[in-house]
Amino acid sequence: MARIVVVTSGKGGVGKTTTAASFATGLALRGNRTVVIDFDVGLRNLDLIMGCERRVVYDFVNVINREANLNQALIRDKRCEELFILPASQTRDKEALTKQGVGAVLDELSETFEYIVCDSPAGIEHGATMAMYFADDAIVVTNPEVSSVRDSDRMLGILASKSRRAENNQNPIREYLLLSRYSPSRVKQGEMLSVEDVQEILSVYLLGVIPESKAVLNASNRGVPVIFDNESDAGQAYADVVGRYLGEDLPHRFLDIQKKGFLSRLFGG
Amino acid sequence: MGLLDYFRSRRQNTAAIAKERLQILVAHERGERSRPSYLPMLQKEILEVIRKYVAVDQDAVTVTLEQDDNREILELNIVLPDRSEPTTGSGFVAVR
């Protein structure tokens with residue numbers, strides 16, 4: 001039985017796909033057979049972030065409609081043996097994701113995978129609902145910014161009421177907060193909500209804090225999930241997120257202003 | 001006021017403003033979410049029944065639901081036109 005993890009947020013542009021890509025990669029790098037699914041039908045982007053956009057032949061909707069089987073649609077990652085990508089359709093609309101169809105595909109994946117990571121589209125419409133409906137765990141990606149925090153709270157309400165687990169009176173979805181684009185220097189200046197502020201408002205277990213980092217754009221430019229950049233702050237923060245998710249007790253890093261050496265100050269680091 | 005103070009005073013703690021706004025908003029929206037979906041209908045039907053006997057305004061009936069640890073209090077507040085004092089707290093207590 002696979003564990004199904006949805007990466008969601010409500011608000012767009014906060015780092016869902018970046019997170020889904022790095023989180024799934026991190027699980028697979030530790031030897032867990034993992035598949036990451038793009039639920040953003042019509043606006044697929046996970047393939048670009050994962051660097052497999054030219055290898056897409058069949059997609060999620062093809063599998064649901066039985067126009068292709070799972071083995072034809074799954075793309076094996078070139079850097080990591082245990083990682084597979086199921087891309088979204090670029091031409092259909094979100095209604096193509098039926099509850100029955102999505103459920104059947106997840107059931108089939110559950111037979112061979114340990115983790116299924118669902119990259120949700122923004123919003124609370126059909127695609128987002130489908131991405132979270134079957135979830136066991138949810139990572140709510142939030143930026144330290146008013147509209148993102150509000151949308152995350154809304155999302156937490158929906159997760160608690162409109163999932164398969166809620167409908168079947170099972171244990172609720174496990175909720176994790178992931179705070180991204182965090183800038184310790186702006187927090188210190190009183191210009192940005194702190195980790196503590198956001199936690200106080202949302203009161204959800206904090207899975208990790210990803211600092212605002214140049215490495216994220218550099219990684220997406222190249223189509224390599226940022227977790228592979230293990231020299232970068234964001235890459236290391238995502239590695240910690242995966243460790244914490246798997247039960248390791250790791251202190252949160254990158255919450256304080258990184259002291260710059262004389263040379264990096266001089267040349268820009 | 002010195003030059004330094006001038007620059008300091010220009011830098012507001014906007015994060016504190018954001019936090020306060022969010023705390024109020026989130027508390028309000030959570031309250032809305034936890035309201036049972038039948039409340040507006042209940043309010044409408046109660047108003048219709050009262051209007052059979054007394055001419056009251058559209059907004060004369062308010063229904064609120066409060067929760068504490070072991071019970072929910074459904075409070076019904078009806079403002080009757082002749083008396084200035086509203087009959088408050090005449091409601092039922094639903095224990096869950």
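This text goes with the structure placed above it.
Residues numbered from 1 in each chain as written. Chains lettered and ligands numbered in written order. Predicted model: local features only at pLDDT ≥ 70, side-chain atom pairs only at ≥ 80, totals over all residues. Heavy atoms only, no water.

S.K.: If you had to explain the overall build of chain A to someone new, which residues and values would you point to?
M.R.: Counting its secondary structure elements, chain A contains 13 helices and eight strands. Radius of gyration (C-alpha) of chain A: 18 Å, near the 18 Å computed for a compact globule of 269 residues. The buried share of chain A, taken over its 269 residues, is 55%. Within chain A, contacts between residues separated by at least 24 positions form 74% of all contacts whose residues are at least 6 apart in sequence. With an accessible surface of roughly 12,300 Å², chain A has 46% of that area assigned to carbon and sulfur atoms. Mean positive and mean negative side-chain charge positions of chain A (31 and 36 charges, respectively) differ by 3 Å. (Helix = DSSP H or I, 4+ residues; strand = E, 2+ residues; numbered from the N terminus. Rg over C-alpha atoms; globule rule 2.2 N^0.38 Å. Buried < 20%, exposed > 50% of the residue type's maximum accessible area, 1.4 Å probe, protein only. Contact = heavy atoms within 4.5 Å. Areas by Shrake-Rupley, 256 points an atom, 1.4 Å probe, with all protein chains shown as cover. Lys, Arg positive; Asp, Glu negative; His and termini not counted. Charge placed at Lys NZ, Arg CZ, Asp CG, Glu CD.)

S.K.: For the overall build of chain B, give the residues involved together with the corresponding values.
M.R.: Looking only at helices and strands, chain B has three helices and three strands in total. For chain B, the α and β elements follow one another from N to C terminus as α-α-α-β-β-β. The buried share of chain B, reckoned over its 96 residues, is 21%. Nonlocal contacts in chain B, meaning residues at least 24 apart in sequence, comprise 27% of its contacts between residues at least 6 apart. Working note: accessible area of chain B is about 7,700 Å², and carbon and sulfur atoms make up 53% of it.

S.K.: Any chance you could break down the interface of chain B and chain A for me, citing the residues and the numbers?
M.R.: Note on interface size: it is often stated as the accessible area lost on association of the parts. Contacts between the two partners involve 14 residues from chain B and, on the opposite side, 15 residues from chain A. When chain B packs against chain A, the two sides together hide about 1,400 Å² of surface, and 54% of this comes from carbon and sulfur. Our count for the contact surface shared by chain B and chain A stands at five salt bridges. The partner of Lys19(B) in a salt bridge is Glu200(A), and the shortest N-O contact between them spans 2.9 Å. Viewed at the interface, chain A and chain B are joined by nine residue pairs in polar contact (both at pLDDT 80 or more). For the side of chain B that touches chain A, a count of residues per class yields five nonpolar, four polar and five charged. (Buried area = accessible area lost by both parts, 1.4 Å probe. Salt bridge = Lys/Arg side-chain N within 4 Å of Asp/Glu carboxyl O. Polar contact = N/O pair within 3.5 Å; in protein donor to acceptor, adjacent residues only side chain to side chain. Nonpolar A, V, L, I, M, F, W, Y, C, P; charged D, E, K, R; others polar.)

S.K.: Can you break down a nonpolar patch on the surface residue by residue, with the values?
M.R.: Taken together, the side chains of Val49(B), Tyr53(B) and Val54(B) present a nonpolar region at the surface, about 320 Å² in accessible area. Mapping Val54(B) onto the fold places it in the loop between helix 3 (39-53) and strand 1 (61-67). (Patch = residues over 30% accessible without salt bridge, like charges linked within 9 Å, V, L, I, M, F, W, Y side chains within 5 Å.)

S.K.: Lay out the packing of aromatic side chains with the relevant residues and their values.
M.R.: Residue and element names in this part refer to chain A. A full pass over the atoms with the stated rule returns seven aromatic pairs over all chains. An angle of 70° between the planes, with centres 6.0 Å apart, marks the rings of Tyr 115 and Tyr 245 as edge-to-face. A residue pair is termed long-range when its members are at least 10 positions apart, and Tyr 115 in strand 5 (residues 115-119) and Tyr 245 in helix 12 (residues 233-245) qualify at 130 residues. Overall, Tyr 115 belongs to the buried group, its relative accessible area being 14%. (Phe/Tyr/Trp six-rings, centres within 6.5 Å; stacked < 30°, edge-to-face > 60°.)

S.K.: Give me the nonpolar core: which residues, what numbers.
M.R.: Residues and elements named next belong to chain A. Core analysis: the largest hydrophobic core is formed by 56 residues, its most contacted members being Leu 86 and Leu 109. The greatest single-element share of this core, amounting to five residues, is contributed by helix 7 (residues 146-161). When near neighbours in sequence (up to four residues on either side) are disregarded, Leu 86 contacts Val 35, Val 36, Ile 37, Asp 38, Asp 59, Phe 60, Val 63, Leu 70, Ala 73, Leu 74 and Val 105. Of all hydrophobic cores here, the second largest spans 38 residues; its members include Ile 49, Leu 83, Val 141 and Leu 207. (Core = buried A, V, L, I, M, F, W, Y, C linked by side-chain atoms within 4.5 Å.)

S.K.: Report on the sheet that holds strand 5 of chain A, specifying residues and quantitative values.
M.R.: Residue and element names in this part refer to chain A. Pairing is mixed across the open sheet formed by eight strands, whose spatial order is 3-4-2-5-1-6-7-8. Each having just a single partner strand, strand 3 (75-76) and strand 8 (205-211) make up the two edges of the open sheet. Strand direction decides the pairing type here: strand 1 (residues 3-8) and strand 6 (residues 137-142), joined by four bridges, are parallel. Each residue of the ladder has a partner; that of Val 7, found in strand 6, is Ile 139. (Pairing = 2+ DSSP bridges.)

S.K.: Could you give me a rundown of the packing of helix 1 (residues 16-29) of chain A against helix 12 of chain A, with the residues and numbers involved?
M.R.: All names here are of chain A. One way to put it is that helix 1 packs onto helix 12 with a least axis distance of 9 Å and a crossing angle of 60°. The orientation of helix 1 relative to helix 12 falls into the category oblique. Pair helix 1 / helix 12 crosses with right-handed handedness. Contact residues: Thr 18, Thr 19, Ser 22, Phe 23, Gly 26 and Leu 27 in helix 1; Tyr 238, Val 241, Val 242 and Tyr 245 in helix 12. (Axes fitted to C-alpha atoms, helices over the stretch in contact; angles between N-to-C directions. Parallel < 35°, antiparallel > 145°, perpendicular 65-115°, else oblique. Left-handed = near helix turned anticlockwise from the far one by under 90°.)

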